[in-house]
Amino acid sequence: MKWLIIAVAKGRLEDEVKKILAQAGLGNVIDSDSRKLIFEDDKNRIRYLVVKPVDVATYVESGVADLGFVGKDVLLEQEKDVYELMDLEFGKCIFAAAGFPNTLIDKGEEPLRIATKYPNITTNYFQDRQKIELIYLNGSVELAPIVGLSDIIVDLVETGSTLKANGLVILEEMMTISARVISNRVSYRFQHDRIQQFLDEVKKGKMVYAGNSIN
Ligand SMILES: Nc1ncnc2c1ncn2[C@@H]1O[C@H](COP(=O)(O)OP(=O)(O)OP(=O)(O)O)[C@@H](O)[C@H]1O
Ligand SMILES: O=P(O)(O)OC[C@H]1O[C@H](OP(=O)(O)OP(=O)(O)O)[C@H](O)[C@@H]1O
């Protein structure tokens, strides 16, 4: 039986993915404390690649990985040529435009300065609405409006505590985000039954993990 290669995002999503897989008797070969990046489940012929969240879709689009677990934010920002097969319904957060209270988003002809880690998503969202000037930051984006680098930010919001700690508020909720299962387009055709079987296991694991009984 051919190996099924699965890219798993390390960090926030890794633990949740492992819990869901464990419910299906899978994924228990992944050692989060190890610096290793490849873990092989010989019994089920599954090889897990543990990669940075922003790189999951690259491994899947290239065909190095057949499947991947990744956040919808990454998919929307990178627009990779992959199939999105399942919403895992965890890793939930939202994209929001945020800034100081009462900051105007619709500034007419004057460009709105937006600091973000997600330039593609931001551009797509504002393109028919408001001229923008993008300031790309890799993180700690909330600092930008405080120091006058931008008018607002576009960033992920989960609990809202980072915004609150920095005196910022949500000005507009843009879209909801959660973790997804994606596949390589060729793998999906040539390993369809194997992939479908794995998805069925993940679905069962997701239901059990979410506390719903399967039967
Ligand atoms: N508060 C949050 N901040 C960022 N990502 C979140 C948050 N809540 C849920 N997520 C989801 O978790 C995924 C992985 O986030 P994580 O913080 O592990 O990595 P990252 O911030 O993308 O990368 P890194 O922190 O290594 O630069 C995101 O792509 C997103 O889908
Ligand atoms: O609503 P909250 O629960 O406060 O979560 C939102 C924060 O989490 C993420 O930052 P992260 O800690 O991932 O670091 P980063 O800025 O490097 O992305 C995101 O960029 C926000 O800053």
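Residues numbered from 1 in each chain as written. Chains lettered and ligands numbered in written order. Predicted model: local features only at pLDDT ≥ 70, side-chain atom pairs only at ≥ 80, totals over all residues. Heavy atoms only, no water.

S.K.: Looking at this model, I keep getting lost on the overall build of the chain. Mind explaining?
M.R.: A count of helical and extended segments in the chain gives eight helices and eleven strands. By principal-axis analysis of the C-alpha atoms, the chain measures approximately 60 × 35 × 35 Å. Within the chain, the proportion of its 215 residues that are buried is 43%. In the chain, 67% of the contacts between residues at least 6 apart in sequence involve partners at least 24 apart. Carbon and sulfur atoms make up 49% of the accessible area of the chain, which amounts to about 11,300 Å² in all. (Helix = DSSP H or I, 4+ residues; strand = E, 2+ residues; numbered from the N terminus. Buried < 20%, exposed > 50% of the residue type's maximum accessible area, 1.4 Å probe, protein only. Contact = heavy atoms within 4.5 Å. Areas by Shrake-Rupley, 256 points an atom, 1.4 Å probe, with all protein chains shown as cover.)

S.K.: Explain the site of ligand 2 here, please?
M.R.: The immediate surroundings of ligand 2 are formed by 13 residues, with Glu142, Glu158, Thr159, Gly160 and Thr162 found nearest. At a separation of 3.2 Å, an oxygen atom of ligand 2 approaches a polar backbone atom of serine 140. Side-chain polar atom of aspartate 155 to an oxygen atom of ligand 2: 2.9 Å apart, as the coordinates give it. Broken down by element, the residue count for the shell around ligand 2 peaks at three residues, all from strand 9 (residues 152-157). (Near = heavy atom within 4 Å. Polar contact = N/O pair within 3.5 Å; in protein donor to acceptor, adjacent residues only side chain to side chain.)

S.K.: Got a minute to help me understand the domain arrangement of the chain in this structure?
M.R.: You'll often see interface size given as the accessible area lost when the parts meet. Each domain of the chain was delimited in the assignment, giving domain 1 (4-91 + 178-214) and domain 2 (93-176). Each of domain 1 and domain 2 has a C-alpha centre, and these two points are 30 Å apart. Of the residues lining the interface, seven residues belong to domain 1; the matching set on domain 2 comes to eleven residues. Contact between domain 1 and domain 2 buries roughly 730 Å² in total, counting both sides, with carbon and sulfur atoms accounting for 47%. Looking at the side of domain 1 facing domain 2, the largest losses of area belong to Asp73, Leu76 and Glu77, adding up to 65% of the total buried there. Seen at the junction of domain 1 and domain 2, the total is one salt bridge. Between glutamate 158 and arginine 12 there is a salt bridge whose closest N-O contact spans 3.7 Å. Seen at the junction of domain 1 and domain 2, the total is four residue pairs in polar contact (both at pLDDT 80 or more). If one sorts the elements of the side of domain 1 that touches domain 2 by residue count, helix 3 (residues 72-78) sits on top with three residues. (Domains from an automatic or database assignment. Buried area = accessible area lost by both parts, 1.4 Å probe. Salt bridge = Lys/Arg side-chain N within 4 Å of Asp/Glu carboxyl O.)

S.K.: Sorry if this is basic, but what is going on with the site of ligand 1 here?
M.R.: Lining the immediate surroundings of ligand 1 are 15 residues, of which Arg12, Lys52, Gly71, Asp73 and Glu158 lie closest. With respect to ligand 1, the side chain of arginine 12 contributes an N or O atom lying 2.4 Å from an oxygen atom. Lysine 52 is positioned with one of its side-chain polar atoms (N or O) 2.6 Å from an oxygen atom of ligand 1. A total of 590 Å² of accessible area belongs to ligand 1 in isolation, and the protein chains cover 77% of it. Counting residues per element, the ones that place at least two in the shell around ligand 1 are helix 1 (12-23) and helix 3. Looking at the shell around ligand 1, its residues break down into six nonpolar, three polar and six charged. In terms of domain composition, the shell around ligand 1 takes at least three residues from each of domain 1 (4-91 + 178-214) and domain 2 (93-176). (Nonpolar A, V, L, I, M, F, W, Y, C, P; charged D, E, K, R; others polar.)

S.K.: For this particular structure, what's the right way to read the sheet that holds strand 5 (residues 83-87)?
M.R.: Strand order in the open sheet formed by six strands is 2-3-1-4-11-5, and the pairing between neighbours is mixed. Strands with a single pairing partner mark the edges of an open sheet, and in this sheet they are strand 2 (38-41) and strand 5. Within this sheet the neighbouring strands show an average axis-to-axis angle of 25°, counted without direction. Taken together, the six bridges between strand 1 (residues 4-9) and strand 3 (residues 46-51) define a ladder with parallel strand orientation. Looking at the pairing, alanine 9 lines up with valine 51 of strand 3. Sitting on the sheet, helix 8 (residues 192-209) touches strand 1, strand 3, strand 4 (67-71), strand 5 and strand 11 (179-183), and the angle it makes with strand 5 is about 25°. (Pairing = 2+ DSSP bridges. Axes fitted to C-alpha atoms, helices over the stretch in contact; angles between N-to-C directions.)

S.K.: Can you walk me through a positive patch on the surface in this structure?
M.R.: Positive charge collects at one region of the surface, where Lys10, Arg35, Lys52 and Lys117 lie side by side. Position of lysine 10 among the secondary structure elements: in the loop between strand 1 and helix 1. You can call lysine 10 partly exposed: its relative accessible area is 32%. (Patch = residues over 30% accessible without salt bridge, like charges linked within 9 Å, V, L, I, M, F, W, Y side chains within 5 Å. Lys, Arg positive; Asp, Glu negative; His and termini not counted. Charge placed at Lys NZ, Arg CZ, Asp CG, Glu CD.)

S.K.: Sorry, what's going on with the nonpolar core here?
M.R.: In summary, soluble globular proteins display a tendency toward joint burial of nonpolar side chains. If you look at the biggest cluster of nonpolar residues, it comprises 40 residues, and the most contacted ones within it are Ile6, Tyr48, Phe69, Leu88 and Phe198. Counting residues per element, the ones that place at least two in this core are strand 1, helix 1, strand 3, helix 2 (56-62), strand 4, helix 3, strand 11 and helix 8. Considering each element in turn, this core owes the most residues, six residues, to strand 1. Not counting chain neighbours up to four residues away, the residues in contact with isoleucine 6 comprise Ile46, Arg47, Tyr48, Leu49, Leu67, Phe69 and Phe198. Ala97, Ile105, Leu112 and Tyr118 belong to the second largest nonpolar core, which has 13 residues in total. (Core = buried A, V, L, I, M, F, W, Y, C linked by side-chain atoms within 4.5 Å.)

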